[in-house]
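Remarks on the overall topology
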Amino acid sequence: MNDDEVLAVMQASTGRRVLGVGCLGLLGAVLIWIGLTRSFDSLAWKLFLVVLGAAAVWMGDAMRRATAQKIELTRAAVRSSDGEVIVAISDIETMDRGIFAFKPSNGFLIKAKTKAPSRWRPGLWWRMGRRIGLGGVTPGHQSKMMAEMIAALMADRA
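Nothing here was measured: the structure is a model prediction, and the numbers come from that model.

About the thresholds
- Residues numbered from 1 in each chain as written.
- Predicted model: local features only at pLDDT ≥ 70, side-chain atom pairs only at ≥ 80, totals over all residues.
- Heavy atoms only, no water.
- Helix = DSSP H or I, 4+ residues; strand = E, 2+ residues; numbered from the N terminus.
- Buried < 20%, exposed > 50% of the residue type's maximum accessible area, 1.4 Å probe, protein only.
- Contact = heavy atoms within 4.5 Å.
- Phe/Tyr/Trp six-rings, centres within 6.5 Å; stacked < 30°, edge-to-face > 60°.
- Core = buried A, V, L, I, M, F, W, Y, C linked by side-chain atoms within 4.5 Å.
- Pairing = 2+ DSSP bridges.
- Axes fitted to C-alpha atoms, helices over the stretch in contact; angles between N-to-C directions.
- Parallel < 35°, antiparallel > 145°, perpendicular 65-115°, else oblique.
- Left-handed = near helix turned anticlockwise from the far one by under 90°.

**Quick notes on the overall build of the protein chain**
Counting secondary structure elements, the protein chain contains 3 helices and 7 strands. Seen along its three principal axes, the alpha-carbon backbone of the protein chain occupies a region of about 65 × 30 × 30 Å. Counting all 158 residues of the protein chain, 37% fall into the buried class. Sequence-distant contacts in the protein chain: of pairs separated by 6 or more residues, those separated by 24 or more amount to 58%.

**Quick notes on the packing of aromatic side chains**
In this description, an aromatic ring pair is defined by two values, namely the gap between the centres and the angle between the planes. Enumeration over the complete set of coordinates arrives at 1 aromatic pair. Geometrically, the ring pair formed by Trp 45 and Phe 48 is edge-to-face, given 5.9 Å between the ring centres and 85° between the ring planes. Note that Trp 45 and Phe 48 are positioned in helix α2 (residues 43-66) at a spacing of 3 residues, about one turn of the helix.

**Topic: the nonpolar core**
Ile 71, Val 78, Leu 134 and Ile 150 are the most contacted members of the largest nonpolar core, which has 21 residues in total. Of all elements in the fold, only β1 (8-11), β2 (70-73), β4 (85-88), β6 (108-121), β7 (125-134) and α3 (140-157) reach the threshold of two or more residues within this core. Element by element, the count of residues in this core is highest for α3, at 5 residues.

**Quick word on the sheet that holds strand β3 (residues 77-80)**
Strand order across the open sheet formed by 4 strands is β1-β2-β3-β4, with antiparallel pairing between neighbours. The open sheet terminates on both sides in strands that have one partner only, identified here as β1 and β4. For this sheet the average axis-to-axis angle between neighbouring strands, irrespective of direction, equals 15°. Alignment of β3 against β4, held across 3 bridges, turns out to be antiparallel. Of the residues in β4, the one forming a bridge with Val 78 is Val 87. In this fold α3 packs onto β1, β2 and β3, with an angle of close to 145° to the strand it touches most, β1.

**What to know about the packing of helix α1 (residues 14-37) against α2**
Look at α1 against α2: their axes get within 7 Å of each other, and the N-to-C directions meet at 160°. One element, α1, and the other, α2, form an angle in the roughly antiparallel class. Seen from above, α1 lies across α2 with left-handed handedness.

**Digging into the environment of Met 154**
For Met 154, the location among the structural elements is in helix α3. Taking the relative accessible area as the measure of exposure, Met 154 reaches 16% and is therefore buried. For the pair Met 154 and Ser 90, spaced 64 residues apart in the sequence, the C-alpha separation amounts to 7.8 Å. Among all residues touching Met 154, those that are not within four sequence positions of it are Ile 92, Glu 93 and Thr 94.

Encoded structure:
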């Protein structure tokens, strides 16, 4: 058994990726346009709208870059296609796929045994302390298969 063999892959579907990035870019453009073309009593409102619009455009670009990658499951870890280890299988304490879990759309939540630095890849995965959310603009069948494989790996470990 090879610990580096990819068992499952989650990647952003093209339609959801285009829709997510497009909506953020369009929101940013509209906010900037309103901030620059409308007359307000206060310069603070104009500045607020332009800054908020720029943040939305930046967020769209961050999502575009993040969703170009994949999440890969190996026997040893869940990792990004660029090689960044999201969580080691041995570090997984629990996994939650329930309806009421604080998880990404079409995804699942993992609770690790140890804390790790916070990271966020919009539309793909996030990590805050011990909690890791996988999913977002990924198809549901890919995340369900990965969750089942992680559950099997956890059962093998126990």
